[in-house]
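Each chain is listed here by its residues.
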Amino acid sequence: MKPTPHDLDQLRRLIASARSITVLTGAGVSAESGIPTFRDAQTGYWARFRPEDLATPEAFRRDPDLVWRWYAERRRAVLGVTPNAGHRALARLEGRVERFSLVTQNVDGLHARAGSRTVIELHGSILRVRCFKSCVSYTAGTDKAATGAPEAEAVFAADTPPRCPHCGDFLRPDVVWFGESLPEDAIEAAVAATEQCDLFLSVGTSTVVYPAAMLPDAARDAGATVVEINPQETPFSARASLSIRGTAATVLPAVIE
Ligand code: BV8
Ligand code: ZN
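Residues numbered from 1 in each chain as written. Chains lettered and ligands numbered in written order. Predicted model: local features only at pLDDT ≥ 70, side-chain atom pairs only at ≥ 80, totals over all residues. Heavy atoms only, no water.

**Student:** What is the right way to look at the sheet that holds strand 1 (residues 20–25) in this model?
**Tutor:** Overall, parallel pairing links the six strands, which are arranged 3-2-1-7-8-9 in an open sheet. Unpaired on one side and paired on the other, strand 3 (119–121) and strand 9 (242–244) mark the two borders of the sheet. Here the average twist between neighbouring strands, direction ignored, is 20°. As judged from the five bridges shared by strand 1 and strand 7 (residues 199–203), these two strands associate in the parallel manner. Within strand 7, the residue paired with Thr 22 across the bridge is Phe 200. Contacting strand 1, strand 2 (99–104), strand 3 and strand 7, helix 9 (residues 184–196) runs over the sheet at an angle of about 125° to strand 3. (Pairing = 2+ DSSP bridges. Helix = DSSP H or I, 4+ residues; strand = E, 2+ residues; numbered from the N terminus. Axes fitted to C-alpha atoms, helices over the stretch in contact; angles between N-to-C directions. Contact = heavy atoms within 4.5 Å.)

Okay, here's the thing in structure tokens:
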């Protein structure tokens with residue numbers, strides 16, 4: 001399925017005339033960087049698990065080593081790829097619009113690496129590790145300096161979860177697991193950006209994970225024009241003002257010079 005020239009023209013015009021744009025991204029925008037989406041079948045050792053079963057506090061408490069290793073492997077994969085043309089187009093768009101907000105469900109840090117300056121991370125970041133009580137937090141980065149405290153090196157090299165030097169509990173990835181609530185500040189900023197924009201782009205998300213999945217409808221209810229970009233149909237497609245069947249790395253650069 002290819003996007004029609006008419007669709008791309010329409011989206012180009014909407015972007016050119018918008019005074020405030022909010023973009024919601026999901027795993028689909030990182031697919032063309034080589035990061036499998038949540039819906040993609042897992043491969044290798046991880047093929048026997050469903051992500052939803054591993055990305056929970058219960059799974060971590062039941063088998064901390066297994067879940068820690070899953071995130072360490074995904075972190076290495078993310079640090080080993082580069083942002084794609086879709087990420088870079090969104091970074092360009094940020095500088096072009098009076099008011100722009102980028103809300104992501106992704107935990108891979110690729111928007112920031114593509115140059116996006118303000119990214120609202122609804123589900124945290126796989127590049128960060130913290131203890132359950134947030135006494136400490138370490139950030140892995142493509143360069144050593146980004147890891148912060150001296151013990152951070154050892155934390156990211158560990159293949160079983162280290163203990164917090166203060167409270168003694170396990171360290172864990174600083175992501176939002178299923179059943180955990182989203183960071184208050186992130187969800188508040190995302191809802192404000194959704195209700196204030198006149199153009200809302202929903203890119204590369206299956207629109208099934210809540211509360212993020214309510215944002216496209218919230219934008220529509222607040223009177224924004226809502227455009228969806230996804231090679232597949234989603235539960236939201238029928239309600240979009242325009243639903244473009246295309247991939248992020250082809251459609252976004254085509255409509256954002
Ligand atoms: C909460 C971090 C409660 C971890 C993630 C029943 C009904 C409604 C809700 C629920 C329910 N049962 C349980 C819930 C709540 C649950 C939920 O929504 N479950 C779903 C499965 C039904 N939600 C939660 O638990 C949330 N917390 O509700 O808290 C609470 C409330 C109050 C107080 C205390 C507690 C927490 C949700 C966050 C979970 N964490 N990630 C990690 O990454 O390991 S979510 C995770 O899945 C990803 O971050 C991602 O956001 C999500 C998958 O969604 P997508 O991003 O859309 O990716 P997906 O693979 O699904 O789809 C990819 C899309 O891209 C596809 O559409 C595909 O067509 C498209 N695509 C593919 N290639 C491309 C492309 N698009 C463009 N270009 C391409 N090239
Ligand atoms: Zn602690």
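That was the structure; now back to the text.
**Student:** Quick question: what am I supposed to make of the site of ligand 1 here?
**Tutor:** Looking at ligand 1, there are 33 residues lining it, with Arg 39, Tyr 71, Val 176, Gly 179 and Ser 206 nearest. His 123 places a side-chain nitrogen or oxygen 3.2 Å from an oxygen atom of ligand 1. One of the backbone nitrogen or oxygen atoms of Gly 204 is found 3.3 Å away from an oxygen atom of ligand 1. For ligand 1, the protein covers 72% of the area, taking 1500 Å² as the surface of the free molecule. Put simply, the parts of the chain that give the shell around ligand 1 at least two residues each are helix 2 (28–31) and helix 5 (64–79). Tallied by class, residues from the shell around ligand 1 come to 16 nonpolar, 13 polar and four charged. The residue makeup of the shell around ligand 1 includes at least three contributed by each of domain 1 (1–35 + 84–123 + 182–257) and domain 2 (36–80 + 126–175). (Near = heavy atom within 4 Å. Polar contact = N/O pair within 3.5 Å; in protein donor to acceptor, adjacent residues only side chain to side chain. Areas by Shrake-Rupley, 256 points an atom, 1.4 Å probe, with all protein chains shown as cover. Nonpolar A, V, L, I, M, F, W, Y, C, P; charged D, E, K, R; others polar. Domains from an automatic or database assignment.)

**Student:** Hey, could you run me through the coordination of the zinc ion (ligand 2) in this one?
**Tutor:** When a metal carries six donors in an octahedron, the ideal angles between them are 90 or 180 degrees, while four donors in a tetrahedron ideally lie at 109.5 degrees. Surrounding the zinc ion (ligand 2) are the protein donor atoms Cys 131 (SG), Cys 135 (SG), Cys 164 (SG) and Cys 167 (SG), which sit 2.3 to 2.4 Å from the metal. Around the zinc ion (ligand 2), the four donor atoms sit at angles spanning 94 to 116°, and that spread fits a shape best called tetrahedral. Motif for the zinc ion (ligand 2), donor spacing along one chain: C-x3-C-x28-C-x2-C. With Cys 135 in the loop between strand 4 (124–131) and strand 5 (137–139) and Cys 167 in the loop between helix 8 (152–157) and strand 6 (171–175), this residue pair connects regions lying 32 residues apart in the sequence. The class of Cys 135 is partly exposed, set by a relative accessible area of 36%. A relative accessible area of 31% means that Cys 167 is categorised as partly exposed. (Donors = N, O, S within 2.8 Å, 3.2 Å for Na, K, Ca; no water. Tetrahedral: all angles 85-135°; square planar, octahedral: opposite > 155°, others 65-115°. Buried < 20%, exposed > 50% of the residue type's maximum accessible area, 1.4 Å probe, protein only.)

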